[in-house]
Amino acid sequence: MSKAHFFKELKSKAWFNIGARFLALIIVFLFFAIFVEDGKFYTLRNLENIVRQSSVYATAALGMTFVIITAGIDLSVGSIIALAVVVVAWTLNIQIDGANGELVYLVHQYPFATPLLACLLAIAASSLVGLLNGALIVRLKIVPFIVTLGSMGIIRGLAKGIASERDIYPPEETWIGGLMDPTLTNKAKSWMLLPAGVWILIVCIAIASFILKYTRFGRHVYAVGSNEETARLCGVPVGRTKLIVYALTGFFCALAGFMQFSYIGGVGQPTTGIMYELFVIAAVIIGGASFSGGEGSILGTIVGALIITILYMGGQQMGWPKWVQEMVIGGIIILAVAVDRLRHSKLA
Amino acid sequence: MRGIHKRFGATQALRGVDISVHPGEVMALVGENGAGKSTLMKVLSGAHASDEGELFLDGEPYTPGNPLHAREQGIAMIYQELSLAPHLSVMENILLGIEPTRRGLILWDEMKSKAAAALSTVGLENLSPKTPVNQLSIAHQQLIEIARAVALDCRVLVLDEPTSSLAAKDIEKLFALVRDLSEKGISVIYISHFLEEVQALSHRYTVLRDGETVGDGQTADASEEAIIALMVGRSVDDLYPRSQRTAGSVVLETNRLAGIDKPNTASIQLRKGEVLGIAGLVGAGRTEFLDIIFGLEPIASGDISIGSYSGSALPALRWQQGVGMVSEDRKTQGLALGLSIADNLTLPKLDGLGPGRLVIPSQQAKACEPWIERIPIKCQSARQPVCDLSGGNQQKVAIARLLHADVDILLLDEPTRGIDVGSKAQIYQLIDSLARGEESEGRSPKAVLIVSSYLPELLGICDRIAVMCRGQLSKAKPVEDWDEHQLMATAIGQE
């Protein structure tokens, strides 16, 4: 076997694809580990922060991975996250008639069940708007970019409307606000090893990977993205597959919303998550998915989300001004896709 | 071109090719898919550089650095997939890159007259140069490409499988044009799978096999069999197998079926254990007919019954009813090229590849192995992406999908278009054994409905043939009652 052939063989292996991305992750990490002064970058505390920060992107990126594999895109994820955040805060502020006829907060009556209700409502709302995105794309046959560009504005407006264009402050701290609490500095929570939100993410990663790899729906997602005509010919329910994929993005955005709610201090901020769609899409693309569909993996996406977060946080700790950070992240996105292109053309 | 070598990684695509073409000569370049024809032409047109060997143009050494350079030297390529800008007008396409300008502004009058001149050389005097290209038929678009080559003053014109999407009438026109151009002193390199075309058109031929020149000579002196033998390295004695088959009960029936646009009326009765062919011109409504049966296009009137079911259905239901289809264009419709053989092959029937609704990749691959072996599909493993395979093997994957789904009725739309002779022979064998009932579990004979523009193929493998002409499907007659002439006459409505 010649050297060139060996490399071609190697490059076509899936583990090599993921391996190369892990390598990139390690290089980016080492870069900051070396250059951030006093080894501050690789302290346990900072590592925990990286994981906490990346969880929001990564969770939303799970849904986006499905969407991009079907050759679609969802620009509304940032807005859906804000919607979830606002719905949670709004629910925590619901008041009911108390025993003495005066208004009391529901959350004071039911300190555990009310946040749960908040989560369910947020999941329902987010999945519903995701489903509507999908329905518009499938029924009206409008390209996903346009539909979600529109719904990005509509959903953001909805979030602001629910919050009356102000931040909603819940009357009480609840478990949902503590989802992303650090576990290193907090003795009471150190038994969890990682913040609860991160555990949620880990479970979601396992489930999403499983769905994509081992279920009929997962195979259909790849088929629709690789060649929609073929999928139709083979009896794949193309419309339904797309519908589910966008609804799934809504669902994961709701989970990302809970993490965001906790991360920003338990406030229902309708302006949160602006520009997140770009970070989320970047994570998926750096993770090896192709805009033309049929390619992508959950593990790759997670690595992509970590790379983005490390660049972001590392840049901050290096004392780079914000404008430099933005340019670096932009450059990395282009670089990642360019390298992928090169790899593909060598393969062909 | 002398002693051309080209390697891609470990693949030696060309290992010593010599070809020459004289001014005003039509030279046919033939060979199976993967023989190196396309690579050779890419070297000629400057898209790839050769590793070894020399090229001469008018006796001068010629080393095209890139396609633009080759074009300037008068070498024009017309690829199988047309490369026109669909939204631009005919004249903008013809003069693309060489627009007459003054100080950067386009001289539209000159543009129009130049385009008109080029159009008249290809026999399209009546076409307005302002027509947008996407309003033209494929045949006309191809002529526009040739007109573009003419406008560039080309001296060597390379036509890569130019007739694969043309109907017989347009093919005749194209032939006349090629002869005309060659009389004007333009050299034509004509790449084709159709040996009849080679016989009809070329002065000389060159055969490539596995990246080498294995034979050349005057076309007039060579028999078709001799050229096939050179192409495949063995003689294809019996390309078209048709063993004794017995037609059983009717499994698919359409009754005055009509689509939104085409066909207007099509009635057939397809029986178990028979191969029924549909001949006709491209655009007569044959593809639409199959699409309607399979539920890819709506029914306007008439009905379809399949076994005990009747009425319309979506493809998913058709698969369940035991119907499978191979679509006409494997690249845009038939296959998900980026996905693996296993994914493509098992897509219509993912049950049984894991517990419940789960699909286990290793079981998917395992389910493909018998087909890969039996058909056979040349590949490294079932996990290999389909785009790595040659055209013939890709097509075999599309057909194997039907076998995996264990269908009883096979709808095949141009199943052998653009694939090499060896693969064709294997596909014909497969169709024959399916109709006899040898490939299925219960050994029950299948019914095959095949659309093809290649008449020898239909006459070779079918039991009965019907002809589609302008949306009207003729009565199916036994193959013995047809010959190429009658088929063609019926197809063009002169019967």
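Residues numbered from 1 in each chain as written. Chains lettered and ligands numbered in written order. Predicted model: local features only at pLDDT ≥ 70, side-chain atom pairs only at ≥ 80, totals over all residues.

Chemist: Can you break down the overall build of chain B residue by residue, with the values?
Modeler: Along the backbone of chain B there are 17 helices and 24 strands. Since a compact globule built from 495 residues should have a radius of gyration of about 23 Å, the 24 Å found for chain B is in line with a globular shape. Referenced to the eigenvectors of the C-alpha coordinate spread, the extents of chain B come out at roughly 70 × 50 × 45 Å. In chain B, buried positions account for 47% of the 495 residues. Across chain B, the fraction of contacts at a sequence separation of at least 24, relative to all contacts at a separation of at least 6, is 67%. (Helix = DSSP H or I, 4+ residues; strand = E, 2+ residues; numbered from the N terminus. Rg over C-alpha atoms; globule rule 2.2 N^0.38 Å. Buried ≥ 20, exposed ≤ 12 C-beta atoms within 10 Å, placed from the backbone. Contact = placed C-beta atoms within 7 Å.)

Chemist: An account of the sheet that holds strand 3 (residues 26-30) of chain B is needed here, citing residue identities and associated values.
Modeler: Residue and element names in this part refer to chain B. One open sheet holds the six strands; their spatial order is 7-10-11-3-12-13, and the pairing between them is mixed. Only two strands of the sheet have a single partner each, and these edge strands are strand 7 (75-78) and strand 13 (212-218). Along the sheet, successive strands turn relative to each other by an average axial angle of 20°, direction set aside. Relative to strand 11 (residues 187-191), strand 3 runs parallel, the two sharing four bridges. Bridge pairing links Val26 to Val188 in strand 11. Relative to strand 11, helix 6 (residues 168-183) is tilted by about 145°, and along the sheet it contacts strand 3, strand 10 (156-160) and strand 11. (Pairing = 2+ DSSP bridges. Axes fitted to C-alpha atoms, helices over the stretch in contact; angles between N-to-C directions.)

Chemist: Tell me about the confidence of the model for chain B, residues and numbers included.
Modeler: Atomic detail in the predicted coordinates should be set aside for any region of low pLDDT. In the predicted model, chain B carries a mean pLDDT of 85, and 93% of its residues have values of at least 70. We note a pTM of 0.78 for the whole complex and an ipTM of 0.81 for its interfaces. (pLDDT = per-residue confidence, 0-100.)

Chemist: Please set out helix 12 (residues 276-286) of chain A residue by residue, giving values where relevant.
Modeler: Residues and elements named next belong to chain A. For helix 12, a buried count of ten out of eleven residues is recorded, marking the element as mostly surrounded by other parts of the structure. Among the residues of helix 12, those classed as buried are Tyr276, Glu277, Phe279, Val280, Ile281, Ala282, Ala283, Val284, Ile285 and Ile286. One or two residues past the end of helix 12 sits Gly288, with phi positive at roughly 105°.

Chemist: Describe the nonpolar core, and please don't skip the residues or the numbers.
Modeler: Soluble, globular proteins show a tendency: their nonpolar side chains are buried together. By size, the foremost hydrophobic cluster in this structure holds 174 residues, and its most contacted members are Ala60(A), Leu83(A), Ala84(A), Val88(A), Val280(A), Ala283(A) and Val448(B). The biggest single contributor to this core is helix 11 (residues 238-263) of chain A, with 16 residues. Not counting residues within four places of it along the chain, the set of residues in contact with Ala84(A) comprises Ala122(A), Ser126(A), Cys253(A), Ala254(A), Gly257(A) and Phe258(A). Counting residues in hydrophobic clusters, the runner-up holds 59 residues, among them Ala139(B), Val158(B), Val188(B) and Leu208(B). (Core = buried A, V, L, I, M, F, W, Y, C linked by C-beta atoms within 7 Å.)

Chemist: So what about the packing of helix 6 (residues 113-139) of chain A against helix 7 (residues 144-162) of chain A? Which residues, and what values?
Modeler: Residue and element names in this part refer to chain A. Two numbers describe how helix 6 lies on helix 7: the axes approach to 9 Å, and their chain directions differ by 145°. Seen from above, helix 6 lies across helix 7 with right-handed handedness. Counting all contacts with helix 6, which are made through Val129, Asn133, Leu136 and Ile137, the residues of helix 7 involved are Pro144, Val147, Thr148, Ser151 and Ile155. Taken together, the residues that form the contact of helix 6 with helix 7 break down as six nonpolar, three polar and no charged. (Left-handed = near helix turned anticlockwise from the far one by under 90°. Nonpolar A, V, L, I, M, F, W, Y, C, P; charged D, E, K, R; others polar.)

Chemist: Account for helix 3 (residues 44-69) of chain A, with residues named and values stated.
Modeler: All names here are of chain A. The terminal C-alpha atoms of helix 3, which comprises 26 residues, lie 35 Å apart, in line with the 38 Å expected from a rise of 1.5 Å per residue. Residue Ser55 marks the point of greatest curvature in helix 3, where the axis turns by about 40°. Of all 26 residues in helix 3, 19 are buried, a share of seventy percent or more. Ala71, located one to two residues past helix 3, shows a positive phi value of around 70°. (Expected span 1.5 Å × (residues − 1). Bend = angle between axes of the 7 residues up to and from the residue.)

Chemist: Help me get a handle on the interface of chain B and chain A, residues and values and all.
Modeler: Put simply, an interface is often sized by how much accessible area is lost when its parts join up. Facing 26 residues of chain B, the contacting portion of chain A comprises 23 residues. Secondary structure elements with two or more residues in the side of chain B that touches chain A: helix 10 (315-320) and helix 11 (330-334) of chain B. Tallied by class, the residues present in the side of chain B that touches chain A amount to 17 nonpolar, seven polar and two charged.

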